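This is what each chain is made of:
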Amino acid sequence: MDNRHSTVAASALLGLAYRSREQELNKDFPRVFILLAGHFIGMEEGYSAIRQLDGTRTRLRLAADEQLLRDITVQELAAATGVDDITATAALRSCSTADADMLFIPVLSLSLLSRLAQLDAGDPFVELIVRFLCAGRPVGTLTLGADPGHYRWGEQGMFQAPPRLKDELQHKLAAIEDFGITLLEPDQVNRWISSAQAKSGKQVLTAEDIQAALRVGTTSIRLAAPAVITPLAADLARQHCIEIVF
């Protein structure tokens, strides 16, 4: 990465420029937390999507899974993505949903897709995704990693996936979409960012959010003001001792 360009430095300068006007800063420059997993079909489309975001009015922070970091150094990852604000996977469980305005998954690996479809909260990526969904924060993912018809699969000599495998991948994609995750093509990412930010002025916590939290054992949900809690959501939260924090 060119030392003259640093996402850490850019975020710090924006913080100084806006000083105590944090809500205005978050509106003008939304915080996008990127969860990056490795995939055997290649990473370039994911890296490209991140680099495109780096050229927009967003503040980017990135976490890479341990498997990917066994294949690439942090310095190489920063150079490939343009993002040098990189969080260790081990630190994800201490991350708050108040630390970012949305989550973006540029590479949907098969292992992450499977764990997410099963709501495997033992995985730090899945746990963070579920917490963001339960807090009403937008979560979006590119789907090419789970699409065996994508040309990248063909480049790896894997263009003859059996129909049963294709059906299973589509089933898992439909499952995570039902959870509230937006499925994206590369040319839809910037529009999703703008749309998600426009809708994030007021969060609405519903009974479905409480039920999703129960399935993964969440004991508290953090909301950013202003927020609306439906009566049924409030009743369920009290019934199951789920704390709602502002």
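Whatever comes next refers back to the structure up there.
Conventions we followed
- Residues numbered from 1 in each chain as written.
- Predicted model: local features only at pLDDT ≥ 70, side-chain atom pairs only at ≥ 80, totals over all residues.
- Heavy atoms only, no water.
- Helix = DSSP H or I, 4+ residues; strand = E, 2+ residues; numbered from the N terminus.
- Rg over C-alpha atoms; globule rule 2.2 N^0.38 Å.
- Buried < 20%, exposed > 50% of the residue type's maximum accessible area, 1.4 Å probe, protein only.
- Contact = heavy atoms within 4.5 Å.
- Areas by Shrake-Rupley, 256 points an atom, 1.4 Å probe, with all protein chains shown as cover.
- Lys, Arg positive; Asp, Glu negative; His and termini not counted.
- Charge placed at Lys NZ, Arg CZ, Asp CG, Glu CD.
- Pairing = 2+ DSSP bridges.
- Phe/Tyr/Trp six-rings, centres within 6.5 Å; stacked < 30°, edge-to-face > 60°.
- Lys NZ or Arg CZ within 6 Å of the ring centre and 35° of its normal.

Chemist: Hey, could you run me through the overall build of the protein chain in this one?
Modeler: When helices and strands are tallied, the protein chain shows 12 helices and 10 strands. Whereas a compact globule of 246 residues would reach a radius of gyration of roughly 18 Å, the protein chain reaches 18 Å, a difference of no more than 12%. If one aligns the C-alpha atoms of the protein chain with their principal axes, the spans along those axes are about 55 × 50 × 30 Å. Here the protein chain, with 246 residues, has 46% of them falling under the buried criterion. In the protein chain, the proportion of contacts linking residues at least 24 apart, taken out of those at least 6 apart, comes to 76%. By element, 52% of the accessible surface of the protein chain is carried by carbon and sulfur atoms, the whole surface being about 12300 Å². In the protein chain, the 24 positive side-chain charges and the 30 negative ones have mean positions that sit 5 Å from each other.

Chemist: I'm lost on the pairing of strand β1 (residues 31–36) in this one. Help?
Modeler: Along any regular strand, the residues point their side chains to alternate faces of the sheet. Judged by how many residues are buried, β1 sits mostly within the fold: 6 of 6 residues are covered. As paired elements, β1 and strand β2 (residues 59–64) share 6 bridges and run parallel to each other. Each residue of the ladder has a partner; that of R31, found in β2, is R59.

Chemist: Help me understand the packing of aromatic side chains, please; the structure alone is not making it clear to me.
Modeler: Any two aromatic rings considered together are summarised by their centre-to-centre distance and by the angle between their planes. Under the criterion given, the structure shown has 3 aromatic pairs. Centroid distance Y18 to F29: 6.2 Å. Interplanar angle 80°. Geometry classified as edge-to-face. Of this pair, Y18 sits in helix α1 (residues 7–18) while F29 sits in the loop between α2 (22–28) and β1, placing them 11 residues apart in sequence. Taken as a pair, Y18 and F29 share a single burial class, namely buried. Note on F40 and W153: the rings are 5.4 Å apart at their centroids and 80° apart in plane angle, and the pair reads as edge-to-face. Placement of the pair is F40 in the loop between β1 and α3 (44–54) and W153 in helix α8 (residues 151–155), with a sequence separation of 113 residues. Over the face of the ring belonging to F33 we find R61, whose NZ or CZ atom lies 4.7 Å from the ring centre.

Any functional reading would require information that these geometric values do not contain.
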